[in-house]
Amino acid sequence: MDDRWGTARDEGVGGAGRGVAALASNAQWRALKDHFALVKDLTLRALFEADPDRGTALAAEGAGLYLDYSKNRVTRETVRLLCDLARARGLEAWRDAMFQGERINITEDRSVLHVALRAPRGTVIKVDGCDVVPEVHEVLAQMSAFADKVRDGRWTGYSGKRIRTVINIGIGGSYLGPEMACQALRPFADPAIAVRFVANVDSEALRAATADLDPAETLFIVCSKTFTTEETMTNARSARQWCVAGLGSDAAVAAHFVAVSTNAAEVARFGIDAAHMFVFWDWVGGRYSLGSAVGLALMIAIGPERFREMLAGFRDMDEHFQSAPLECNLPVLMGMLSVWYNNFHGMETQAILPYAHGLARLPAYLEQLQMESNGKHVDLAGRPVTYQTGPIVWGEPGVDAQHSFYQLLHQGTKAVPCDLIGFCRSSADLPGHQDLLMANLLAQAEALAFGRPAAQLAEEGVPAAQIPYRVCEGNRPTTIVLGEALTPRVLGALIALYEHSVFTQGVVWGIDSFDQWGVELGKVLARRIASEIRGGIGEGAHDSSTRALIGRYLARRTG
Ligand code: F6P
């Protein structure tokens, strides 16, 4: 690892076309700065008026998804220059290196191979000379056999009862993906088995998840890449106590606990049999792990066949990302639009607004995916960056949010680029609902782009005194992602779209999108304070604020 660091610092990070020269000195970056000065004041209204084909010309299609990026503040020249920048930053070489298993996670000296999780049998992807694809398929087969047994009742609890509820205990990447996907694919799930998630170490989370359950019918999946995450292990230990107390024997653990992890030793220490462990690998980042054994709860819910359909969707997008020219490559276009707003327009946030009830947790999932990946302050060579990296990502389901924060989107002082995600068909077919939902998506994109100018309000007879309050300036960018229906395959493609978009941005910024050192400090301090809460705070420990708060907490915690 030290060697690699040295190489990164001295020569740029590995391989032809993959240097990490400072972004500011890049000719394409400077060309975009010059271009920005020319186009920054162009309005979407003017752009659409000048180019009657814009609505279909600035659109692309791939992996079953249609991307309309015409309501972004770009010209065709902007798109060309953004793609030139991506090319000049070595995007294609970095992408190929990722797909070939090179150790592009420089700071952890690891390959980045979530793409191997969906590689078809027979593909060869090597890590340290060893093809990982057969192992991926072995684990998928192990998961499928287990999921089938739980689903058809052959896997029973300690007292011989069928499993009715599966509880996934995990946090971050070991939770957000399966939870989001379980909600998205609920119409495909077996209604006889409920799947719940416990992430927060607040006892209320586990209490609420188990309150109405019979331990005899409950299966826990302890899902943790490291199997050392304090919150997850605390919840897992309490769940074990609940199970053993309810069933009257330690022997019950074998029938009610399985593990998903890369850490066999810790799984064994917890008391879960190796036969009930589903492995994944250090080359799968937590936030990229839904397609691995981390998706076990989802597989139990929707069944192995549907799970494989989702993997096929991921693969559709992987293939599109690898083969489509950059100018019509969905993840590249989305990633470069983020760069455009983040680094040139100075827009610091990006909203994810799914117009699909099933995607209610997509914003939370993408918050981790994007911000844990690209919230970085140094480049691959360890130099402080002199430009903005990952934007702040946030969001809520579209139509609900229209009645909460959209006011700011339309008339606030900050412009927020928005991704609006919708589908042509809904899984439920109550008359009129889908039409109304999609009408709202389309209306919002139109309103954000073109607004309602003073002249129009006057024409409509709005009293002059009211006009300033009612004006919507418009010119607020939106990108629309449209799919046929929220199926497992489309969901897989949608997730991979964002994964590769995040990758594209990380390459342009020259950062490591696959580490997360920033979260370590808080964990270390939490461990220390937890032990002080148990054993007493040492002389001179902490700042005066933290000391006072610990003291106040200790004095009042027993109520
Ligand atoms: O603290 C951040 C993090 O390491 C994430 O990257 C990860 O998804 C999460 O914690 C959970 O980690 P684990 O799966 O090892 O419990």
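Up top you'll find the structure we're talking about.
Residues numbered from 1 in each chain as written. Predicted model: local features only at pLDDT ≥ 70, side-chain atom pairs only at ≥ 80, totals over all residues. Heavy atoms only, no water.

The next subject is the site of the ligand. As a matter of local geometry, the ligand sits amid 13 residues, with Gly 173, Ser 174, Ser 224, Thr 226 and Thr 229 nearest to it. Within the side chain of Ser 174, one N or O atom sits 2.6 Å away from an oxygen atom of the ligand. In isolation the ligand exposes 400 Å². Once the protein is present, 88% of that is buried. The class makeup of the residues in the shell around the ligand is 2 nonpolar, 8 polar and 3 charged. (Near = heavy atom within 4 Å. Polar contact = N/O pair within 3.5 Å; in protein donor to acceptor, adjacent residues only side chain to side chain. Areas by Shrake-Rupley, 256 points an atom, 1.4 Å probe, with all protein chains shown as cover. Nonpolar A, V, L, I, M, F, W, Y, C, P; charged D, E, K, R; others polar.)

The next thing to look at is the environment of Gln 388. Within the fold, Gln 388 resides in the loop between α16 (362–374) and β11 (392–395). It is 39 Å that separates the C-alpha atoms of Gln 388 and Asp 435, two residues lying 47 residues apart in sequence. Sequence-distant contacts of Gln 388, defined by excluding residues within four places in its chain, comprise Asn 342, Asn 343, Glu 348 and Trp 509. (Helix = DSSP H or I, 4+ residues; strand = E, 2+ residues; numbered from the N terminus. Contact = heavy atoms within 4.5 Å.)

With respect to topology, 6 strands assemble into an open sheet ordered β1-β2-β13-β12-β10-β11, the strand pairing being mixed. The sheet is open, and its two edges are formed by β1 (59–62) and β11, each paired on a single side. The mean inter-strand angle of the sheet, taken between neighbouring strand axes irrespective of direction, is 20°. The pairing of strand β10 (residues 349–354) with strand β12 (residues 418–425) spans 4 bridges and is parallel. Paired with Pro 354 across the two strands is Ile 421, which belongs to β12. (Pairing = 2+ DSSP bridges. Axes fitted to C-alpha atoms, helices over the stretch in contact; angles between N-to-C directions.)

This structure, assessed with the given rule, holds 29 salt bridges. Residue Asp 109 is joined to Arg 103 by a salt bridge in which the shortest nitrogen-to-oxygen separation is 3.9 Å. Note that Glu 532 is salt-bridged to Arg 528, the shortest N-O span being 3.5 Å. Residue Glu 532 and its partner Arg 528 are both found in helix α23 (residues 520–535); the two are separated by 4 residues, about one turn of the helix. Through salt bridges with shared partners, one network takes in Glu 77, Arg 80, Asp 84, Arg 87 and Glu 327. (Salt bridge = Lys/Arg side-chain N within 4 Å of Asp/Glu carboxyl O.)

In terms of nonpolar packing, the biggest core is built from 124 residues, with Trp 283, Ile 300, Leu 359 and Leu 491 touching the most fellow members. Those residues in contact with Ile 300 that sit more than four places away from it in its chain are Phe 146, Ala 147, Val 150, Arg 151, Val 166, Ile 193, Leu 219 and Ile 221. Ranked by size, the runner-up nonpolar core spans 24 residues in total, among them Ile 167, Phe 220, Phe 257 and Met 277. (Core = buried A, V, L, I, M, F, W, Y, C linked by side-chain atoms within 4.5 Å. Buried < 20%, exposed > 50% of the residue type's maximum accessible area, 1.4 Å probe, protein only.)

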